[in-house]
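Remarks on the overall topology
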Amino acid sequence: MRLRRAWLVAERDLRAERAQPDGIAAAIGLTATLVFVESLLVGPAIAAASPAIASALLWIALTLGAILAITRSFDRELEDDALEGVLALPGGADALYAGKVLAATLLLAVVSAAGIALTVLLLDIEVGLPAHLALVTLVGAVALPPLITLYVAISLRLRARALVVPLLAVPALVPQLIAASAGSAAAIQGDAAGSLAWCALLFATALASAVAGLTIGPAAIE
Amino acid sequence: MTTTYYPRVVRGPRILPYLAGATAIVGAIALFMALVWAPADAVQGDVQRIMYVHVPAAWLAYLAFVVVFLASVAWLWGRSPIADAIAVASAEIGVLFTALAIVLGSIWAKPTWGVWWTWEPRLITTAVMLAMYVGYLLLRSLSSDFERRATRAAVVGAIAVLNVPVVHLSVTWMNALHQLPSVLRPGPPALDGRMYATLLVAVAAFTLLYAYLLVARVGLERARRSAP
């Protein structure tokens, strides 16, 4: 029943995003801009020689993109005065938090695919293990939203939200960012064992942040 | 003759003078042991003595943030105002001692490593932890509604504690210039007996200082809230 409610919230979010795709457009736009700037600043020679740099910059870009998309998703709730209605339902806060995380995960998977495609094309990177890179990207898309959604939710009614969310979320996501960057770099270099090991750590951080978020996240939604 | 009456919250709890006395006595003993009794390190010489303030400062940072976590969970569980007062008091002390640990570590690093700062896992994770708790205090300062501020802060305080094991274990997970844990590790401490004893007394002195600051700060917080 709870899962069904969460899915309904996620489905509603995805429908709203399809009708007015400003969240995903902002996320892809920012990620693409950062990849373009990266290709200008670093260039293919350095990126090809050190995939760790390209991976790290990509995951930082994806994190900022995810913050934009999730913030936009909550803004839509506030603009439409929909938040109070959802919260008034039984288990509303749980469903809202879980549904937002679910929708953000699906959106981030799309943004990540676009970001990786741009990085590989623009920086002319030869990917050693494409399937491993896809796996790390997928797990990364699961690992980032729980904490970002949590921090966006707690700063929902703050005027200084634009300042607070990145300040709180980015340090909290350091383990996820290390694992995702190192896992992506290992996949690009063709290191299967390294890529899978980092992927396992990324999955563990995803699980920990999802459990922490689901336990205390609903309490934070006002 | 007139007598001025101050409410207990303004005078501070009764235990405060005892904590101050105990901190001063144990602190003086720790100072003597660190500067006179403990031997100089065979390799680093007297520079190593900074460990007797650097390690206790780092320990206090860990302790303070674990207390923030416990107080945050207590707030989310029972909405007790004292839990929120303990959380903010402990977070402020934690930020102060994390910054102190970083500064003292830098002073030790210059003659030992040759640099004030290097991109090293323990240093970076500690700086990230400091940033998180500065963010925690910033979040608290942005809201005037007590209930909302306490709930928001409690959520961050409950999550941010995950940084403590990351900081402590970063030197074992990654290639690190910083030395491995000497006391909080499996097996016996990797220290000379007198150095170990001195370190324990210094940790006790810092812990008493933490207790003093916490009680005093919680008293101030309660006084502020009860003020008209």
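For clarity, every value in this text was computed on a predicted model and none was experimentally measured. (Residues numbered from 1 in each chain as written. Chains lettered and ligands numbered in written order. Predicted model: local features only at pLDDT ≥ 70, side-chain atom pairs only at ≥ 80, totals over all residues. Heavy atoms only, no water.)

Structural notes on the overall build of chain A
Note the cut-off: Here a helix means four or more residues in a row that DSSP labels H or I, a strand means two or more in a row labelled E, and each is numbered from the N terminus. To get the radius of gyration, use the C-alpha atoms; to get the globule rule, take the number of residues to the power 0.38 and multiply by 2.2 Å.
Looking only at helices and strands, one finds 11 helices and 0 strands in chain A. Each helix and strand of chain A, placed in order from N terminus to C terminus, yields the pattern α-α-α-α-α-α-α-α-α-α-α. Since a compact globule built from 222 residues should have a radius of gyration of about 17 Å, the 17 Å found for chain A is in line with a globular shape. With the C-alpha coordinates of chain A rotated into their principal frame, the extents come out at 55 × 30 × 30 Å.

Some words on the packing of aromatic side chains
Going by this rule: Pairing of aromatic rings covers Phe, Tyr and Trp, the last through its six-membered ring, and needs centres within 6.5 Å; plane angles under 30 degrees mean stacked, over 60 mean edge-to-face, and all others mean tilted. Only protein chains enter the area calculation, which uses a 1.4 Å probe; residues under 20% of their type maximum are buried, those over 50% are exposed, and those in between are partly exposed. Here, over-ring charges are defined by two tests on the NZ atom of lysine or the CZ atom of arginine: distance to the ring centre within 6 Å, and angle to the ring normal within 35 degrees.
Summed over the entire model, instances satisfying the criterion amount to 5 aromatic pairs over all chains. Judged by centre distance (5.6 Å) and plane angle (80 degrees), the ring pair of W75(B) and F146(B) falls under edge-to-face. Residue W75(B) is found in helix α3 (residues 51-78), and its partner F146(B) is found in helix α6 (residues 146-160); the two are separated by 71 residues along the sequence. Of the residues examined, W75(B) reaches a relative accessible area of 2% and is grouped as buried. For K100(A), the ring lying beneath its charged end belongs to F74(A), and the centroid distance is 5.0 Å. The aromatic ring of W37(B) is capped on one face by R194(B), whose charged end is 5.9 Å from the ring centroid.

Some remarks on the pattern of salt bridges
To be explicit about the condition: Salt bridge, as used here, is a side-chain nitrogen of Lys or Arg placed within 4 Å of a carboxyl oxygen of Asp or Glu.
Under the definition given, this model contains 14 salt bridges over all chains. Where K100(A) meets E77(A), a salt bridge forms, and the shortest distance between an N and an O atom there is 2.7 Å. A residue pair is termed long-range when its members are at least 10 positions apart, and K100(A) in helix α6 (residues 92-122) and E77(A) in helix α4 (residues 51-79) qualify at 23 residues. Assigned by exposure class, K100(A) and E77(A) land together as buried. Here R224(B) makes a salt bridge to E221(B), at a shortest N to O gap of 3.6 Å. A residue pair is termed a helical-turn pair when its members lie 3 or 4 positions apart in one helix, as R224(B) and E221(B) do in helix α8 (residues 193-226) at 3 residues. Take R224(B): its relative accessible area is 57%, and that puts it in the exposed class. For E221(B), a relative accessible area of 4% gives the class buried. Within this structure, R12(A), D13(A), E77(A) and K100(A) form a network of salt bridges that share partners.

Remarks on helix α1 (residues 2-19) of chain A
All names here are of chain A. So the rule is basically this: Expected span of a helix: the number of residues minus one, times 1.5 Å. This arc is taken over the directions from the axis of the helix to the C-beta atoms. Throughout, a residue-residue contact means that at least one pair of heavy atoms, one from each residue, lies within 4.5 Å.
End to end, α1 covers 26 Å across 18 residues, agreeing with the expected 26 Å (1.5 Å per residue, within 8%). When we look at burial in α1, the residues that qualify are A6, V9, A10, D13 and E17. Down the axis of α1, the buried set is contained in an arc of 95 degrees. They therefore lie on one face. Exposed positions of α1 whose direction lies more than 90 degrees from the buried face are R4, R15, R18 and A19. Packing partners of the buried residues in α1 comprise α2 (22-41), α4, α5 (83-88) and α6.

Scope: geometric values only; no functional claims are made or implied.
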